Every structure is written in C-alpha cells, then in structure tokens.
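Take a look at the letters that make up each chain.
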Amino acid sequence: MSGGGEEVRPTFEGALAALDEVVRRLESGDVGLEEAVALFEEGQRHLAVCRERLAAAERRIEELTADELPRDPGAPPEAQPPF
Amino acid sequence: MKHVGRRAVWSLPEVTAAISRRFGDIPPVWVEAEVQNLRPAGGQVYFTLAGGDAMDASMNRIVYDRLEAKPGEGTLVQAYGRVEFWRQRSQVRMRVERLELAGEGLLRAQVEALRRLLTSEGLLAPARKRPLPVLPARIGLVTSGQGAAREDFLRALWSRFPAADVLLVDVPVQGEAAPAAVVRAVRHLDLHPEIEVIVVARGGGSLEDLMAFNSEAVCLAIAAARTPVVSAVGHERDVTLCDEVADVRVSTPTAAAAAVVPDAAALDRHLAQAGDRLSRQLAQARRVASERLAARAGALGQALRSRGVRAADRVDATHRRLAPALARLARGAPPRVEALGTALARAARARSVDAGRRLERADSLLALLSPDRTVARGYAIVRDAGSDRVIGAAASARPGQKLSIQMRDDRLPVEVRR
C-alpha cells in the first residue's frame, strides 16, 4: 500500500492519492477494528496535509516583461541543448 | 529568304531561328509564381507558372525528383531558369533549373524539416511527456501582456481555482524578437524554484504569425525545461511544433487553465467526502467489532458452562462407577475443575478488556468528529426548525423560515427576515 511513509514534506498529489487509497482499503470491508483505527488516523493525516496545502494557496499575479528578465546568469551560449 | 516579285518571303525556320536568337539574349531569372497543371511526361515534368499572366515551364525529371520539398497544385514557388523559345511549335517556355517553395509553402517545408529533426532526436516521443502537478505552488505564464490569450487564461484559471498564483512573463508572440524572448521567458521560469508548471499561450493566427512557435530555439528550450510545459498556441487546426514538444497540448488558453489547476469546488467536495467516508468506516468497524465481542462473550460463557458441567458430570459418573475404590481420588477432582474454569474465565476477560480498549479508542475518535464537539468549541449549527435539516448556506434560507440555532447550552429559535 502507499502508506504514510513520506515523512519529508509530502506532495499534495501524494497525500491525495494516499488518502484515496486509505478510504478504498477501509471500504474494502476486510479490516479489523485495530487496523480501522490506524487507517482512520492515517487518513486524517493525509486529509490534513491536503487541507493545509489548499489553505496555503493564495491568489496572486506578478508580471514581468521579457526585457526585465535577468540575463541568463552565466548560462552557456544558446544552442547547448541535446544537439 | 527569296523574292517573289517585289516581295521578300521567309521560310518558317528562318523566322523562328531569328526569334530564338532574341530569346538567347535574355539572362536566366528568378520568378515567383504559382505552380499549376503539374504533369510528368517522359524525361520532363511540365507545369504552368501562373500569377497575373501565365507561362509554360518544364524541369528535368531527375532534378525535380530530387527536390527536398516538391510543390503541389497551387503552391507558390520561386523558379530559376532561362526563358526559351521552342521553335518546333513556336512556344515560349521557361526551362527551370532550380525550384524552391515560397510563402506559406516555404514555411510549411521549414516546419516539416524541423519536425523531422526533433523526431530523430526523440524530442517528440510520447515517453518524454511528464505528468502535470495536481496543485502547482506557482504557475509560470508566457504570453503577450495585451493578448486575449492572457485574459482568457486568467479568467478561466481563477474561476476554477480562485487561489492560483501566477508569474506572467510578457513577451512578443510574433515577429523577429518573439523566439528569443519566449526562450528567455521559458528558461527564467524553469529556473524559478516555486514554478511547478509553465504555460505558453497565444491565440490563433496565420502560419507566418505562429512561426515563433515553430522555431528551433523555442522547441529546444521547451524540450530542455525540467518544469512540465503546457502549450496552448493557435487554434485546434494549427498545430505548432511548440505544441508537439510540450508535455501537454491544449487547443485554447481556457483549456490550459483547466489542465493546470484542479476544480477547487470539486476538490473540496472530494476531501469532505473522503473525511465522511473515513468516519463512516471507522464507525462501521466499531459496530462490527462490538457485535463480535458480544457474540464471543456469549459463546465463551456457554462453552465455559458446558465444559464445567461436563466435567462435573464425568466426575459424578466416575464417582458412581468407581465409588468405593476411587472415593479418595474423586474428592480431589472438583478443585481441579474449578481451577480450569478460573483460567478460562481469566483469558476471556483479558481478551474482552483488550477489545473494549479498542472500542473506546474508536469512540473517542468518533466523538472528535461529532457536531457536539464543534458546538462545544463555541460554533453554532443552524437547522430548519421543522425538518431539523442543517442549513449550510445563507442562500438556502427562505424569508419567514423558522430556524433553530444549536449553541453550547441550548437551542435558540429564530425566524429569517430579509
């Protein structure tokens, strides 16, 4: 299963996927009470991560023109990519 | 030439040879015209060059077959060659030595050549496409500051997810300066640590208008970006190479918004439902466990009793049968039966206590979720006084409706006045 293993700053999609997985396992019906409690708590943790990320989002817009962009800091000249 | 009386009479070859010599004085030229009525015959390919006037033309078939980009019917070309006079039929015809596409045809040929290059480098491979983040911390937008694409994208973005955070780089989206500006914008956004997805957007236009997004520099910058890129350039029918090299291609700026942010309302609903389902399943597991515990406790008691009874019966029977001989032994049996019973009871109690603790844990978690808890913290719940249904939105309350506000100590009856 995709457990609560991601300790260091889980991603939103990671938490969302883990939450859905926990709900799915709980609803599969073959979990005992002990496991149900553990899954419930895990689900609450994932839910909290999702809610916290959503709450942290803030409507903003910053506009730059191409001329205002800093020159590529020491970037290699133009045609460096694959070929 | 001969004289018949006072009249000078020329043979036809003399005339055509004279005309042909004149044509020899015209140097080879480049002509821009449309190709029409293209038809191979023998070692030549014949066609008509048209544009205002028309002129027959021909080209050596071997040379024609080697052309990198062949013209189609109506294609604008630039043709280089000599205009000749064909004496046998007195026809004027351009003998074409070089033939190149011009105008849109030329642009299309350039796009095709670059597409072949990008394909051979594997940059258009589906396997390179990366998934987009579900909830990007910040969105990089490369578009014209004045364009409708900017407005369309932002409007759709914020209506779908009101808290979206955008860093917009205003670039020219057509003309000579466009490719370099788009490249710098993509690179800048790609290096920005908070930007988790880049959107390149431009409205529709002619092929010439869209050429910046068919340029090698822009395609390579997008291919090299570590941040996933969404391309919304042109309309449905004009697919640019920028679209093809990007991780996700959409046909409008509005669709780009839908691709980069989740629907906030749907996401809220999903999370709320997930929370409800978690609680429901915990309550269900608790119910099942407590029923099982009750059943087991009953069965244990039964087993215990019947075992005790059987043991006692056996002792009795033995006692009766072997009364005289085993009288002394039988006297020691009842305490052993008793000891066995006590051990069984102790084990059953330990298991019940264990299960009971788990039930308590589930109960306390469920209590945390109950509306009473919320009310105890100082919140209030508004219900319809008649049906007791919870009223979650002001909009769903009708004027004159009787409501009941559940507070920490009691319910307060009120009436809606608007």
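Enquirer: Mind laying out the overall build of chain B, listing which residues take part and the relevant values?
Expert: On a plain count of helices and strands, chain B comes out with eleven helices and 15 strands. Out of the 418 residues in chain B, the part that is buried amounts to 24%. Residue pairs in contact within chain B that sit at least 24 positions apart in sequence constitute 62% of those at least 6 positions apart.

Enquirer: Please give an account of the overall build of chain A that cites residues and values.
Expert: From N to C terminus, chain A includes two helices and one strand. Sequence-ordered secondary structure for chain A, helices as α and strands as β, is α-α-β. Classification of the 83 residues of chain A by burial places 24% in the buried group. The long-range share in chain A, meaning contacts at least 24 apart out of those at least 6 apart in sequence, stands at 52%.

Enquirer: Explain the pairing of strand 10 (residues 195-202) of chain B to me, and be specific about the residues and the numbers.
Expert: All names here are of chain B. Burial analysis of strand 10 places seven of its eight residues in the buried class, which makes it a mostly covered element. As paired strands, strand 8 (residues 138-143) and strand 10 are joined by five bridges and run parallel to one another. Paired with G140 across the two strands is I198, which belongs to strand 10. Handedness of the strand 10-helix 6 (residues 216-224)-strand 11 (residues 229-233) crossover: right-handed.

Enquirer: I'd like to hear about the interface of chain B and chain A, residue by residue, with values.
Expert: When the parts come together, some accessible area is lost, and that loss is often what is quoted as the size of the interface. Counting residues at the interface gives 38 residues for chain B, matched by 35 residues for chain A. Of all the secondary structure elements, the ones that give two or more residues to the side of chain B that touches chain A are strand 9 (165-170), helix 5 (178-191), helix 6, helix 9 (264-321) and helix 10 (323-369) of chain B. Counted by class, the side of chain B that touches chain A contains 25 nonpolar, four polar and nine charged residues. Strand direction decides the pairing type here: strand 1 (residues 60-65) of chain A and strand 9 of chain B, joined by six bridges, are parallel.

Enquirer: Please set out the nonpolar core residue by residue, giving values where relevant.
Expert: Ranked by size, the top nonpolar core spans 54 residues in total, and within it V142, V182 and V199 of chain B carry the most contacts. Ranked by residue count, the leading element in this core is helix 5 of chain B, at seven residues. Setting aside anything within four residues of it in sequence, one finds V142 of chain B in contact with V169, V171, V182, A185, V186, L189, I198, V199 and V200 of chain B. V37 of chain A together with L282, A285 and A362 of chain B belong to the second largest nonpolar core, which has 22 residues in total.

Enquirer: Run through the sheet that holds strand 9 of chain B, naming residues and quoting values.
Expert: Think of a sheet as strands paired side by side through backbone hydrogen bonds, with each pair either parallel or antiparallel. The six strands lie next to each other as 1(A)-9(B)-8(B)-10(B)-11(B)-12(B), forming an open sheet whose pairing is parallel. This sheet does not close on itself; its edge strands, each paired only once, are strand 1 of chain A together with strand 12 (248-249) of chain B.

Enquirer: Talk me through the confidence of the model for chain A; I want residue IDs and the actual numbers.
Expert: Residue and element names in this part refer to chain A. Here chain A averages 78 in pLDDT, while 75% of its residues score no lower than 70. When pLDDT is averaged over each element of chain A, strand 1 comes out on top at 91 and helix 2 (residues 33-56) at the bottom at 89. Across residues 1-6, confidence stays below pLDDT 50; counting only partners more than four residues off in sequence or on other chains, it has nine contacts.

Enquirer: Can you tell me about helix 3 (residues 103-120) of chain B, naming the residues and giving the values?
Expert: Counted at 1.5 Å a residue, the expected span for helix 3 of chain B with its 18 residues is 26 Å, and the 26 Å between its end C-alpha atoms agrees. Positioned one or two residues after helix 3 of chain B, G122 of chain B has a phi angle of 75°, which is positive.

Enquirer: Outline the packing of helix 4 (residues 148-160) of chain B against helix 8 (residues 253-260) of chain B, supporting the account with residue identities and numerical values.
Expert: Residues and elements named next belong to chain B. Close contact between helix 4 and helix 8 brings their axes to 8 Å; oriented N to C, the two are set at 35°. Judged by the twist between their axes, the crossing of helix 4 over helix 8 is right-handed. From helix 4, A149, D152, F153, A156, L157 and R160 reach across to helix 8, where they touch P253, T254, A256, A257 and A258. Of the residues in the contact of helix 4 with helix 8, the class split is eight nonpolar, one polar and two charged.

Enquirer: If you had to explain the sheet that holds strand 13 (residues 381-384) of chain B to someone new, which residues and values would you point to?
Expert: Residue and element names in this part refer to chain B. Pairing is antiparallel across the open sheet formed by three strands, whose spatial order is 13-14-15. Pairing within the sheet leaves two strands with one partner each, and these edge strands are strand 13 and strand 15 (411-415). Ignoring which end each strand starts from, the neighbouring axes of this sheet average 30° apart.

Enquirer: How would you sum up the pairing of strand 11 of chain B? Please name residues and give values.
Expert: All names here are of chain B. Across the five residues that make up strand 11, a large majority, five, are buried. In this sheet, strand 11 lies alongside strand 10 in parallel orientation, the contact comprising five bridges. Residue V200 lies in a different strand from strand 11, and its bridge partner there is S231. In the sheet, strand 11 pairs with strand 12 via two bridges, with the strands oriented parallel. Within the sheet, the bridge partner assigned to V230 lies in strand 12 and is V248.

Enquirer: I'd like a description of the packing of helix 1 (residues 12-27) of chain A against helix 2 of chain A, backed by residues and values.
Expert: All names here are of chain A. Direction vectors running N to C along helix 1 and helix 2 enclose 150°, while the axes themselves pass 9 Å from each other. One way to sum up the angle between helix 1 and helix 2 is to call them roughly antiparallel. Considering the relative orientation of helix 1 and helix 2, their crossing is left-handed. Contact with helix 1, carried on its side by F12, A15, L16, A18, L19, V22, V23, R25 and L26, involves A36, L39, E42, G43, H46, L47, V49, C50 and R53 of helix 2 and no other residues of that element. Per-class residue counts for the contact of helix 1 with helix 2 are 13 nonpolar, two polar and three charged.

Reading the values: rules and limits
- Residues numbered from 1 in each chain as written.
- Chains lettered and ligands numbered in written order.
- Predicted model: local features only at pLDDT ≥ 70, side-chain atom pairs only at ≥ 80, totals over all residues.
- Helix = DSSP H or I, 4+ residues; strand = E, 2+ residues; numbered from the N terminus.
- Buried ≥ 20, exposed ≤ 12 C-beta atoms within 10 Å, placed from the backbone.
- Contact = placed C-beta atoms within 7 Å.
- Pairing = 2+ DSSP bridges.
- Right-handed = clockwise from strand over helix to strand, strands pointing away.
- Nonpolar A, V, L, I, M, F, W, Y, C, P; charged D, E, K, R; others polar.
- Core = buried A, V, L, I, M, F, W, Y, C linked by C-beta atoms within 7 Å.
- pLDDT = per-residue confidence, 0-100.
- Expected span 1.5 Å × (residues − 1).
- Axes fitted to C-alpha atoms, helices over the stretch in contact; angles between N-to-C directions.
- Left-handed = near helix turned anticlockwise from the far one by under 90°.
- Parallel < 35°, antiparallel > 145°, perpendicular 65-115°, else oblique.

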